[in-house]
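So you can see what is in the structure, the chains are spelled out below.
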Amino acid sequence: MATVKEILQSTKSIAVVGLSDNPMRPSYEVAEYLKQFYDIYPVNPNVSEVLGLTSYPDLASIPADIDMVDVFQRSENVMQFVAPAIDKGVKSFWMQLGIGNADARAQLEAAGISVVEDLCTKVEHARLIR
């Protein structure tokens, strides 16, 4: 599987699952930073737009290829995004700081998808790439 640095360097598009339209939420801050470097696709069925971008109700609704799924959801809620990520053909699945799920990791890695758990994309990008 790819290293964190390789994932960040090869990624062009990111679906941010659980992206809030509240600027005080970590998902908003992280996506706002990542938007400078990647094509961002908000995934949140409760909002129509975030950061000036159309928000999609689920991964399947995104009308583009996605390299990474970046998850801002509780660990126990991660599994519902695994099959859609596999179906979408993503290259990596990133669970944010404090998020991890062994069953999700096993299924994703079995499908050939690189998995990152318990790390922040913004922090790692700033540390490794910027």
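Residues numbered from 1 in each chain as written. Predicted model: local features only at pLDDT ≥ 70, side-chain atom pairs only at ≥ 80, totals over all residues. Heavy atoms only, no water.

1. Quick notes on the side chain of D70
Turning to step 1, where the next piece is worked out: Of note, D70 is situated in strand β5 (residues 68–71).
Turning to step 2, where the next piece is worked out: Despite its burial, D70 pairs with no opposite charge; the closest candidate is K122, at 12 Å N-O.
Turning to step 3, where the next piece is worked out: Polar side-chain contacts of D70 include one of 2.8 Å to the side chain of Q96.
Turning to step 4, where the next piece is worked out: A polar contact is formed between the side chain of D70 and the side chain of T121, at a distance of 3.0 Å.
Turning to step 5, where the next piece is worked out: Excluding its chain neighbours within four sequence positions, the residues that come into contact with D70 are I14, A15, V16, V17, V30, L34, W94, Q96 and T121. (Helix = DSSP H or I, 4+ residues; strand = E, 2+ residues; numbered from the N terminus. Buried < 20%, exposed > 50% of the residue type's maximum accessible area, 1.4 Å probe, protein only. Lys, Arg positive; Asp, Glu negative; His and termini not counted. Salt bridge = Lys/Arg side-chain N within 4 Å of Asp/Glu carboxyl O. Polar contact = N/O pair within 3.5 Å; in protein donor to acceptor, adjacent residues only side chain to side chain. Contact = heavy atoms within 4.5 Å.)

2. So, the pairing of strand β1 (residues 13–17)
Turning to step 1, where the next piece is worked out: In terms of burial, β1 is a largely internal element, 5 of the 5 residues being buried.
Turning to step 2, where the next piece is worked out: Judged by which residues are buried, β1 turns out to be covered on both faces: S13, A15 and V17 on one side and I14 and V16 on the other are all buried.
Turning to step 3, where the next piece is worked out: Summarising the sheet, β1 and strand β2 (residues 39–43) pair through 5 bridges and their orientation is parallel. By the bridge assignment, V16 is partnered in β2 with P42.
Turning to step 4, where the next piece is worked out: One crossover worth recording links β1 to the parallel β2 by way of helix α2 (residues 26–34), and it is right-handed.
Turning to step 5, where the next piece is worked out: As defined by bridge partners, β1 adjoins β5 across 4 bridges and the pair is classed as parallel. Residue pairing across strands places V16 opposite D70, the latter belonging to β5. (Pairing = 2+ DSSP bridges. Right-handed = clockwise from strand over helix to strand, strands pointing away.)

3. Brief notes about the sheet that holds strand β6 (residues 92–95)
Turning to step 1, where the next piece is worked out: Reading across the sheet, the 5 strands line up as β2-β1-β5-β6-β7 and stay open at both edges, with parallel pairing between neighbours. The open sheet has two edge strands with one neighbour each: β2 and β7 (114–116). Strand-to-strand twist across the sheet, computed as the mean angle between neighbouring axes with direction ignored, equals 20°. (Axes fitted to C-alpha atoms, helices over the stretch in contact; angles between N-to-C directions.)

4. Considering the environment of A102
Turning to step 1, where the next piece is worked out: One can find A102 in helix α4 (residues 102–110).
Turning to step 2, where the next piece is worked out: The exposed category is assigned to A102, whose relative accessible area is 59%.
Turning to step 3, where the next piece is worked out: Between the C-alpha atoms of A102 and M79, which are 23 residues apart in sequence, the distance is 9.8 Å.

5. Some words on helix α5 (residues 121–128)
Turning to step 1, where the next piece is worked out: All of the buried residues along α5 are T121, E124 and H125. Down the axis of α5, the buried set is contained in an arc of 100°. They therefore lie on one face. (Arc of directions from axis to C-beta.)

6. Focus on the packing of α2 against α5
Angle between the axes and distance between the axes are the two parameters that describe a pair of packed helices.
Turning to step 1, where the next piece is worked out: Look at α2 against α5: their axes get within 9 Å of each other, and the N-to-C directions meet at 35°. Contacts between α2 and α5 involve E29, V30, Y33 and L34 from the former and T121, K122, H125 and A126 from the latter.

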